[in-house]
Amino acid sequence: MEWEIFLAPYKQAVDELKVKLRGYRELYEVTSENTPIEFVTGRVKPIPSIIEKARRKRIPLTQLNTQMQDLAGIRVMCQFVDDIRRVVELIRSRTDLIVVEERDYISEKKKSGYRSYHVVVQYPVQTVSGEKKILVEIQVRTLAMNFWATIEHSLNYKYNGKIPTDVKKRLLRAAEAAFRLDEEMSQIRDEIQVAQLRFNQKNSEQES
């Protein structure tokens, strides 16, 4: 398989969606409203990870475009749990993509303690050979959820997917602690957002 050619439309989809989703944050800042988006990242799955997952899931390489939904991935980070719902609604309302599937790992966390909201979309990109419809997985989570998920991913890599039982238990406790932090922050959300607005306004005045 010519990987560079195959993955080029996926990179294009990631680049375009990063710009579009970051644009929401800029629009909120212009209107002086509290933005539900803290920051946006994206990536195309590395080739070794694609091959390993295809082997593990028994997905033929000829069917990657339909059977592997996370070849292109976007992560949207939020400050508060309630912001996740706002971001999901923004995604649903877009007319330049189609929502294919949603998975709510916040209401129903994974056994490991993982929490996030996944939205799989079909996004059209214009290539030199015409339009291609690309599957993109958008993960929406809080900063605390993202911190935990990053640590868990690193440990999975270190232990080759076989994390020791005692470490798993500690990870689960950490996941619950992270969620309690999110809940506490939600309780004082109004105070935090008022302070942030005042800080941003003061910075704008100083720059002008």
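Residues numbered from 1 in each chain as written. Predicted model: local features only at pLDDT ≥ 70, side-chain atom pairs only at ≥ 80, totals over all residues. Heavy atoms only, no water.

- The protein chain is annotated in an unreviewed UniProt entry as GTP diphosphokinase of Sporolactobacillus inulinus CASD.
- Looking at the Pathway (unreviewed entry) heading of the UniProt record, one finds this comment for the protein chain: "Purine metabolism; ppGpp biosynthesis; ppGpp from GTP: step 1/2." (UniProt positions renumbered as here; feature names shortened; annotations may be inferred.)

1. With respect to the pattern of salt bridges
Step number 1: Enumeration according to the criterion identifies 16 salt bridges in this entry.
Step number 2: Where Arg86 meets Asp83, a salt bridge forms, and the shortest distance between an N and an O atom there is 3.3 Å. Residue Arg86 and its partner Asp83 are both found in helix α4 (residues 81-93); the two are separated by three residues, about one turn of the helix.
Step number 3: In this structure Arg86 comes out as partly exposed when scored by relative accessible area, which is 28%.
Step number 4: On the accessibility criterion, Asp83 (1% relative accessible area) is buried.
Step number 5: Its salt-bridge partner being Glu137, residue Arg103 comes within 2.7 Å of it at the nearest N-O pair. Of this pair, Arg103 sits in strand β3 (residues 98-104) while Glu137 is found in strand β5 (residues 130-142), placing the two residues 34 residues apart along the sequence. Pair check on accessibility: Arg103 and Glu137 agree, each one buried.
Step number 6: Among the charged side chains, a salt-bridge network with shared partners connects Lys20, Arg94 and Asp96. (Salt bridge = Lys/Arg side-chain N within 4 Å of Asp/Glu carboxyl O. Helix = DSSP H or I, 4+ residues; strand = E, 2+ residues; numbered from the N terminus. Buried < 20%, exposed > 50% of the residue type's maximum accessible area, 1.4 Å probe, protein only.)

2. Considering the sheet that holds strand β1 (residues 39-44)
Step number 1: One open sheet accounts for five strands, arranged β1-β2-β5-β4-β3; its pairing is mixed. Edge positions in the open sheet fall to β1 and β3, since each of these has one partner strand only. On average, each strand axis in the sheet is inclined to that of its neighbour by 25 degrees, with strand direction left out of account.
Step number 2: Sheet topology places strand β2 (residues 72-78) next to β5; seven bridges connect them, and they run parallel. Note that in β5 the partner of Gly73 across the bridge is Glu137.
Step number 3: Running over the sheet, helix α5 (residues 143-158) touches β1, β2 and β5 and is turned about 100 degrees from β5. (Pairing = 2+ DSSP bridges. Axes fitted to C-alpha atoms, helices over the stretch in contact; angles between N-to-C directions. Contact = heavy atoms within 4.5 Å.)

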